Amino acid sequence: MRPTPPSLYDALCTRQQHGRKALAVLLDPDNLNETSLLHLLRLSEAHPVDYFFVGGSLVLTEHQAALIALVKAHSTVPVLLFPSHSLHLDGPADGVLLLSLISGRNPDFLIGQHVVAAPRLKASGLQLLPTGYMLVDSGRPTTASYMSGTLPLPHDKPGIAACTALAGEQLGLKLMYLDGGSGAKNPVSGAMIKAVREAVSTPIIVGGGLNSGEKVYAALAAGADVVVVGNHIEARPEFLAEVVGVVASFNQVTAAQRVF
Ligand SMILES: CC(C)=CCC/C(C)=C/CC/C(C)=C/CC/C(C)=C/COP(=O)(O)OP(=O)(O)O
Ligand SMILES: O=P(O)(O)OC[C@@H](O)CO
Ligand SMILES: [Mg+2]
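Analysis parameters
Residues numbered from 1 in each chain as written. Chains lettered and ligands numbered in written order. Predicted model: local features only at pLDDT ≥ 70, side-chain atom pairs only at ≥ 80, totals over all residues. Near = placed C-beta within 6 Å. Helix = DSSP H or I, 4+ residues; strand = E, 2+ residues; numbered from the N terminus. Nonpolar A, V, L, I, M, F, W, Y, C, P; charged D, E, K, R; others polar. Axes fitted to C-alpha atoms, helices over the stretch in contact; angles between N-to-C directions. Parallel < 35°, antiparallel > 145°, perpendicular 65-115°, else oblique. Left-handed = near helix turned anticlockwise from the far one by under 90°. Contact = placed C-beta atoms within 7 Å. Pairing = 2+ DSSP bridges. UniProt positions renumbered as here; feature names shortened; annotations may be inferred. Buried ≥ 20, exposed ≤ 12 C-beta atoms within 10 Å, placed from the backbone.

### Some words on the site of ligand 1
Around ligand 1 sit 28 residues in total, of which G55, G56, S57, T143 and S182 are the nearest. Secondary structure elements with two or more residues in the shell around ligand 1: strand 4 (95-101), helix 4 (107-124) and helix 5 (143-148). A class-by-class count of the residues in the shell around ligand 1 yields 12 nonpolar, 14 polar and two charged.

Rendered as structure tokens:
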């Protein structure tokens, strides 16, 4: 009998309970080739990351499965699919962020895609992580809001974000993901992250436009449990060292607090 893999969701909750922050690096199959991925995997040995998310708004290339296989061949870091569509579920990943786009009012992204994907997800053996996905206005239209045909949450309305997350938690969603969208001009505000932190007890993932150590720090300080960086590591892989350092600085403080 195959051993049961460790639960990704339990691991996230344990981290959260201990105040340990995590870094997810977003791998967009359309923007990576074997050489750039191997370079990133080498860097991630020196500067360890906690999760690889794999996804993109289009996924035009055919090599998502091969790319995940390459990650699995060179790394023990868990791989989570971050699908923009029910078509994008291939590859030997460990789990899937089962996103319901609760900031929007497009039924296809609230439940429609999920109906189509359900039998395949059941057969896949992937660990399912039901996630309340909230797109937040970041100063300009993003691919994700355009592709989903939804209005993002207003940037300066933390109260709406908090009620949206609370409703998602009451519906049984296990994680909340606040996303300014890939390449966001302005990341999700600290005030919004804090309001969501106070409203729900689920782990909170924050991403979109985190392109400096200061922005990553601000998201973690406001209450994010997991920060996601995609574009800026694609453009400048050496940014990985800086962002790993910022996440580690939080975790060192936490470890010191545990000792005393
Ligand atoms: C039920 C299944 C299997 C899928 C759910 C599908 C849903 C609800 C998706 C949420 C809406 C959406 C379009 C999310 C985008 C997620 C994603 C992969 C973002 C990263 O892509 P980007 O990096 O923004 O896009 P680019 O390709 O432009 O870089
Ligand atoms: O590419 P960036 O801007 O880092 O955003 C990551 C992710 O949250 C986008 O969905
Ligand atoms: Mg992208």
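### Comments concerning the packing of helix 2 (residues 34-46) against helix 3 (residues 64-74)
Their axes nearest at 11 Å, the elements helix 2 and helix 3 cross at an angle of 30°. Comparing their axes, helix 3 and helix 2 come out roughly parallel. Both helix 2 and helix 3 take part in a crossing whose hand is right-handed. Here E34, L37 and L41 of helix 2 come into contact with helix 3, specifically with L67, L70, V71 and H74. In terms of residue class, the contact of helix 2 with helix 3 is made up of five nonpolar, one polar and one charged.

### Re the site of ligand 2
Taken together, 14 residues sit near ligand 2, with S182, G207, V228, G230 and N231 positioned nearest. Those elements that place two or more of their residues in the shell around ligand 2 are strand 8 (226-229) and helix 9 (231-235). Among the residues making up the shell around ligand 2, the classes are represented as five nonpolar, eight polar and one charged.

### Some details on the sheet that holds strand 1 (residues 22-27)
Spatial strand order, 1-2-3-4-5-6-7-8: eight strands in a closed barrel with parallel pairing. Averaged over neighbouring strand pairs, the angle between their axes works out to 30° when direction is ignored. Note that strand 7 (residues 204-207) and strand 8 share three bridges and pair parallel. Within strand 8, the residue paired with I205 across the bridge is V226.

### A closer look at the UniProt feature "binding site: Mg(2+)" (unreviewed entry) in the protein chain
Sequence positions flagged by UniProt for "binding site: Mg(2+)" (unreviewed entry) are, in local numbering, D28 and S57. Of the residues just listed, which span 30 residues, no C-alpha pair is farther apart than 8.6 Å, and they cluster in one region. Mapping D28 onto the fold places it in the loop between strand 1 and helix 2. Taking the C-beta count within 10 Å as the criterion, D28 has 21 such neighbours and is therefore assigned buried. Beyond its immediate chain neighbours, meaning those up to four positions away, D28 contacts G55, G56, G230 and E234. Counting through the fold element by element, S57 comes out in the loop between strand 2 (51-54) and helix 3. Residue class for S57 comes out partly exposed when judged on the 18 C-beta atoms lying within 10 Å of it. Discounting residues that sit within four places of it in the chain, S57 has contacts with S84, T143, A144 and M147.

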